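Examination of the molecular architecture
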Amino acid sequence: MDLASFLQILDSTIRLATPLLFACLAGLYSERAGVFDIGLEGKMLVAAFAAAAASYGSGNVWVGVLAGIGAALMFAAIHGLASITFRGNQLISGVAVNFLASGLTVVLGASWFQLGGQTPALVDGMRFAEITLPFAAPANESGDLGLLGGIYSQVLSGHSILVYVALACVPLTWWVLYRTRFGLRLRAVGENPAAVDTAGVSVTGLRYAAVGITGVLCGLAGAYMSMGLSAGFLREMTAGRGYIALAALIFAKWRPWYALMACLLFGLLDAIAIRFQNIDIGVLVIPVQFTQALPYILTVIILAGFVGKAIPPRAGGEAYVKER
Amino acid sequence: MDKLPRWADVVLVPLICLIIAFAFCGILIAAIGQSPLQAIWIMIDGSFGTTNGLGYTLYYATNFIFTGLAVSIAFQASLFNIGGEGQATLGGLGVALSCLLIPWPHWSLALLGSLAAGAAFGAAWGFLPAWLQAKRGSHIVITTMMFNFIAYALMNYVLVNLLRPMGSMDPASARFDKAYNLPKLGDILGLVGIPFSNRNPANISFVIAIALAVGVWALIWHTRLGYALRAFGKQEKAALYAGIDPVKITIYALLLSGGISGLMAVNAVQGAAHRLVLNSVEGAGFIGIAVALMGRNHPFGIVIASILFGFLYQGGSQLAMGTTIPREVIIVLQALVILFTGALPYMVQKPLEHLFAKRGGAK
């Protein structure tokens, strides 16, 4: 493999890792606060749809972003209502949210745009422009940049703004979780809500805040899917990325920096699966399906505790009942 | 707090949830500029109006009875098996291998072979998540979900690289021998003189599904294993104290659940498609969750809920043919049913309890 195609793979790794990273961090806030969320997929999907539809309608990509965040927040509110206020089963609520998104996007899309569930293609101004970082060589003049220059110009530069926002969210999340009072309480409410309650802090309030942040980040993930990664919404376009993000979250053992690593790894696998079909490594041929299934297989291995145990937040999945 | 009378808990709560879900969908249909009343009429007429429509309804219902029973057995042991989709996919592989590789002399023997192979493959796919949950504490919801995706990738590999006939572009297996086609429901009813259309995929699997529902009922409430499952589901510590081995029960529950999911393939793969296609399950594994919740985890309720969902699926495809309403309206309805019956039961139950408490007080 030559340098150019190596750089291309890294470039698409970054692109493909971005929605995973947003969704993974989204799940991190929710699950660290003790609310399991297998509805990341649905929130991403509905956000992708709302973003593309609003952006097409208004001609402005930022209106699209707001609509995406709004839609994801509404779905997060359903999940919050079910799992915090009504103390329902968080897993079942997540399943319901995923189906709701999958059905609603097609029904509304098909009747608004008459294209069988997809939005019309978004043109310039309706989707994110690519940003060239300072001193980066334009894509067509990449003759002899060397490895470092190539990585800077081709891998790091030339993405839409949301890619950099996603990367910035990693240290931000680390700082919020480990260096702020809110973060301390958030982690506490996921481990021992009774203690937080005793200290006079509202468990419900904290959990809703966490679920709200999850909604915003899923909104950004969806907006990037339909306005950055592609130009418009396609039915079921998230294609299981919400579940991969969940897998990445477990892989990262619910920690932000490791989440970045896990998302980059899974993004790389995705990039490899798209670029090469079957990989011949001499002794045997690795089928593309294996590369596609690898994130899930790795997650099962991690969950099984064969390579370091993944222990979820202790109060995860349980509604908090104040004793009376 | 007063508890609800049993009939209200079993009938009224699911019914109210269903009405709310239907109301939401009605609003949705009205919002996209269509008539909800016309829509529901097309659905009812298309799925119950002719014996052909009814056949399709029962065909879908058969799939959902299998997957619903599968989810409910795991629920009894307080295990949420979200992997019915993957287990049924693998069941399909088992059925296909049995039909393609073994020269059965008669369809009835082929059916027995398919039942055994489907159940074995489905159960095998449920085994590892169960073992990981019991032995290593891996959360079964996450592992079964991961196994769904792994099953899809595996099936893709097997169909594209191994089972695809030479020269075919479709990721699907060869057709099974025509002799293995299962008797249609129309033929069976014809024997007793009931005229029933033959142009639909409903087959003998429906009868098997009903028999299985009775079997599951007997297993859960009239055997030692059923008792152990329920005890483990209600109170794990107490069950342990009573000498019930949590590892064994978790594994048994998932083997049963996966095996029953796998049986779905007898209906869908051998009974209807007569070959193995990539997405043979078509989401029935997930509908099993809705069906189990709606049917209040009881085999009888599951059969009723399955027929309801069969109606929705058949009605949904009629809707897509007769109007411009997309059939995905049904997915919205399904989501709302799962939401209200599974995740928001207190929202319906609490006001009802108040109501019944008040009425009781007035007497």
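Note that the structure is a prediction, hence the values are computed from the model and not measured. (Residues numbered from 1 in each chain as written. Chains lettered and ligands numbered in written order. Predicted model: local features only at pLDDT ≥ 70, side-chain atom pairs only at ≥ 80, totals over all residues.)

1. With respect to the overall build of chain B
To keep it simple, the criterion reads: Here a strand is any run of E in DSSP of at least two residues, a helix any run of H or I of at least four, and the numbering for each starts at the N terminus. When we talk radius of gyration, it's over C-alpha atoms, and the globule rule is simply 2.2 Å times the number of residues to the 0.38. Each residue is classified by how many other C-beta atoms fall within 10 Å of its C-beta atom, where C-beta atoms are placed from the backbone; a count of 20 or more means buried, 12 or fewer means exposed, and values in between mean partly exposed.
When helices and strands are tallied, chain B shows 15 helices and zero strands. Its C-alpha radius of gyration of 21 Å places chain B within 12% of the 21 Å reference for a compact globule of 363 residues. Its C-alpha atoms give chain B principal-axis dimensions of roughly 75 × 55 × 40 Å. Put simply, chain B has 363 residues, and 53% of those count as buried.

2. Digging into the overall build of chain A
Stated precisely, the cut-off is as follows: We call two residues in contact when the distance between their C-beta atoms, placed using the backbone, is within 7 Å.
On a plain count of helices and strands, chain A comes out with twelve helices and two strands. For chain A, the sequential pattern of α-helices and β-strands runs α-α-α-α-α-α-α-α-α-α-α-β-β-α. Along the first, second and third principal axes, the C-alpha atoms of chain A reach 70 × 50 × 40 Å. Of all 324 residues assigned to chain A, the portion counted as buried reaches 53%. For chain A, long-range pairs separated by at least 24 residues make up 76% of all intrachain contacts whose partners lie at least 6 apart in sequence.

3. Focus on the interface of chain A and chain B
Stated formally: Ten residue types, Ala, Val, Leu, Ile, Met, Phe, Trp, Tyr, Cys and Pro, are classed as nonpolar, four, Asp, Glu, Lys and Arg, as charged, and the remainder, Gly among them, as polar.
On the chain B side, the residues contacting the 35 residues of chain A number 34 residues. Residue assignment for the side of chain A that touches chain B shows that the elements contributing at least two residues are α4 (90–113), α10 (241–251) and α12 (288–303) of chain A. Per-class residue counts for the side of chain A that touches chain B are 22 nonpolar, twelve polar and one charged.

4. Here we look at helix α2 (residues 40–58) of chain A
Residues and elements named next belong to chain A. To keep things clear, this is the line we draw: A helix is expected to span 1.5 Å multiplied by its residue count minus one.
With 19 residues, α2 should cover 27 Å at 1.5 Å per step; its first-to-last C-alpha distance of 26 Å lies within 8% of that length. Across the 19 residues of α2, 17 count as buried, placing the element largely inside the fold. Positive backbone phi, at 80 degrees, marks G59, one or two positions downstream of α2.

5. Brief notes about the packing of α2(A) against α10(A)
Residue and element names in this part refer to chain A. As a reminder of what qualifies: For helices, the fitted axis covers only the stretch in contact; all axes are lines through C-alpha atoms, and the angles between them, taken along N-to-C directions, range from 0 to 180 degrees. For classification purposes, angles smaller than 35 degrees are called roughly parallel, those larger than 145 roughly antiparallel, those between 65 and 115 roughly perpendicular, and all remaining angles oblique. Rotating anticlockwise by less than a right angle from the far helix to the near helix defines a left-handed crossing, while the corresponding clockwise rotation defines a right-handed one.
Relative orientation of the contacting elements α2 and α10 amounts to 135 degrees, with a least axis distance of 7 Å. With respect to their mutual orientation, α2 and α10 come out oblique. As α2 packs across α10, the resulting crossing turns out to be right-handed. Here L40, E41 and M44 of α2 come into contact with α10, specifically with R241, G242, Y243, A245 and L246. Looking at the contact of α2 with α10 residue by residue, the classes come out as five nonpolar, one polar and two charged.

6. Focus: the packing of helix α12 (residues 284–294) of chain B against helix α14 (residues 329–343) of chain B
All names here are of chain B. Between α12 and α14, the least distance of the axes is 9 Å, while the angle of their chain directions is 45 degrees. Here α12 is positioned oblique relative to α14, judged by the angle of their axes. Our pair here, α12 against α14, has a crossing hand that is left-handed. Judged by residue contacts, I287, I289, A290, L293 and M294 of α12 engage Q334, V337, I338, T341 and G342 from α14. Grouping the amino acids of the contact of α12 with α14 by side-chain chemistry returns seven nonpolar, three polar and no charged.

7. Some words on the nonpolar core
Rules: Each nonpolar core reported here comprises buried Ala, Val, Leu, Ile, Met, Phe, Trp, Tyr and Cys residues connected via C-beta atoms within 7 Å.
Counting residues in each nonpolar core, the largest one holds 230 residues, and the members touching the most others are A47(A) and A248(A). When residues of this core are assigned to their parent elements, the largest contribution, 15 residues, is made by helix α6 (residues 140–163) of chain B. Apart from the residues within four sequence positions on either side, A248(A) is in contact with L20(A), C24(A), A259(A), A262(A), C263(A) and F266(A).

8. So, the confidence of the model for chain B
All names here are of chain B. Going by this rule: For every residue, the predictor states its confidence as a pLDDT score lying anywhere from 0 to 100.
Overall, the predicted model of chain B reaches an average pLDDT of 90, with 98% of residues at or above 70. Element-level mean pLDDT values for chain B span from 77 in helix α15 (residues 345–362) up to 96 in helix α8 (residues 205–222). We note a pTM of 0.89 for the whole complex and an ipTM of 0.87 for its interfaces.

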